[in-house]
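Secondary and tertiary structure notes
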Amino acid sequence: MKKKFITVLALVLALVLALATLMLLSACGAKTEAPAESEAPAESAAPAADASSLKMATGGTTGTYYAFGGIVAGVLDANVEGVSVTIHDSGASKANVFEIIDGEADMAFAQNDVTYYALTGTDLFATDGAQTGFSVMAGLYPEVVQIVSTKDITDISQLKGMRVSVGDAGSGTEFNARQILDAYGITFDDIEVQNLDFGSSATALKDGKIDAFFCVAGAPTTNIVDLCTTTAINILGVDADHLATLQSNYSFYTSYTIAGGTYNGVDADVDAVAVTATMLVSDSLSEDTVYNLTKCLFEKAGEMEHEKASFLDPSYAVSGFDDMPIHPGALKYYQEVGVK
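Residues numbered from 1 in each chain as written. Predicted model: local features only at pLDDT ≥ 70, side-chain atom pairs only at ≥ 80, totals over all residues. Heavy atoms only, no water.

What follows deals with the pairing of strand E2 (residues 84–88). With five bridges connecting them, strand E1 (residues 53–57) and E2 associate as parallel partners. Considered in E2, the bridge of Met56 is made with Ile87. Each parallel crossover has a hand, and for E1 linked through helix H2 (residues 64–79) to E2 it is right-handed. (Pairing = 2+ DSSP bridges. Helix = DSSP H or I, 4+ residues; strand = E, 2+ residues; numbered from the N terminus. Right-handed = clockwise from strand over helix to strand, strands pointing away.)

Structure, rendered in structure tokens:
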């Protein structure tokens, strides 16, 4: 009798165990079901095909590339599923091109003119040769070529024979100066060239040691703002005919209007030219990843607390890149929104 009781008890325990197992499996299966419509997660970008940690090269820690890059990276990191983005400081445009090529960065800031030089092996990259392995994701904001002169100089054509600072030797600014002067039929042999940085140039103009200088930066630029509080200046414009000549040789230039009143004493609008701060990406990134990054960049621009974010616009993002490759993922987004 005792044996029979033990046998029955064993059967009951086995049955209870089986039922418990069945309930556990059922509960696990329920987690794989789609959530009810009322519980659906907020819409976000689809996971990237090569979901990973992405490194973004910016610029020096005191510059705009670093500050704005940190904000952009934070928004991308928070909103593009499957991708994390971190930034690091760097030597900016030319150095950043090599960081992508060498695999030290997946994304990087660079001016579009420097990008063009890298792709064609010209000017800044004349000794390095043409580079590959990277493409354009988006143009971000304008970096204006501001030509500051003393009050008695009102036109670029008057710079012949003058003392002109064209930026640091070998810098992007020096090439911009050479190209713009060339559009006016002026060579470096026709001026007294000085290679000063922006701060030193402003001081030299104030002290009467130079007659004009080139400065490539967002407008207003602090050095120029400070200068015109004590010194009467002009900002020299590039007229339509000379702009056409310039763009026929260098398609990376875009037109830009410096609004009157941007600088003290410069009351009328100035028709200037600009190059573009650009986000480059490695060609090794998948189409899905770059599509999601590009889409997020523009759709979340309103969440970026930085003055440069106001320029983020798909139409502007593709201007000044006629002779440069746009990454297929970015191109897919631009085609979707009708700007390509």
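Still to come is the rest of the account.
What follows covers a negative patch on the surface. Among the surface-exposed residues, Asp239, Asp241, Asp269 and Asp271 lie close enough to one another that they form a single negatively charged patch. Inspection of the secondary structure puts Asp271 in strand E10 (residues 270–282). A relative accessible area of 49% means that Asp271 is categorised as partly exposed. (Patch = residues over 30% accessible without salt bridge, like charges linked within 9 Å, V, L, I, M, F, W, Y side chains within 5 Å. Areas by Shrake-Rupley, 256 points an atom, 1.4 Å probe, with all protein chains shown as cover. Salt bridge = Lys/Arg side-chain N within 4 Å of Asp/Glu carboxyl O. Lys, Arg positive; Asp, Glu negative; His and termini not counted. Charge placed at Lys NZ, Arg CZ, Asp CG, Glu CD. Buried < 20%, exposed > 50% of the residue type's maximum accessible area, 1.4 Å probe, protein only.)

Let's shift gears to the nonpolar core. Ranked by internal contacts, the top residues of the largest apolar core, which has 81 residues, are Met107, Met137 and Ile180. When residues of this core are assigned to their parent elements, the largest contribution, eight residues, is made by strand E4 (residues 134–150). Beyond its immediate stretch of four places on either side in the chain, Met107 contacts Leu54, Lys55, Met56, Ala57, Leu76, Val85, Ile100, Met137, Met279, Leu280, Val281 and Leu293. Membership of the second largest hydrophobic core comes to 21 residues, among which are Ile224, Ile258, Tyr263 and Ala272. (Core = buried A, V, L, I, M, F, W, Y, C linked by side-chain atoms within 4.5 Å. Contact = heavy atoms within 4.5 Å.)

With 16 residues, H2 extends 23 Å between its outermost C-alpha atoms, agreeing within 8% with the 22 Å of an ideal straight helix rising 1.5 Å per residue. Of the residues making up H2, those classed as buried are Tyr65, Phe68, Gly69, Val72, Ala73, Val75 and Leu76. End-on, the buried residues of H2 take up no more than an arc of 165 degrees, which puts them together on one face. (Expected span 1.5 Å × (residues − 1). Arc of directions from axis to C-beta.)

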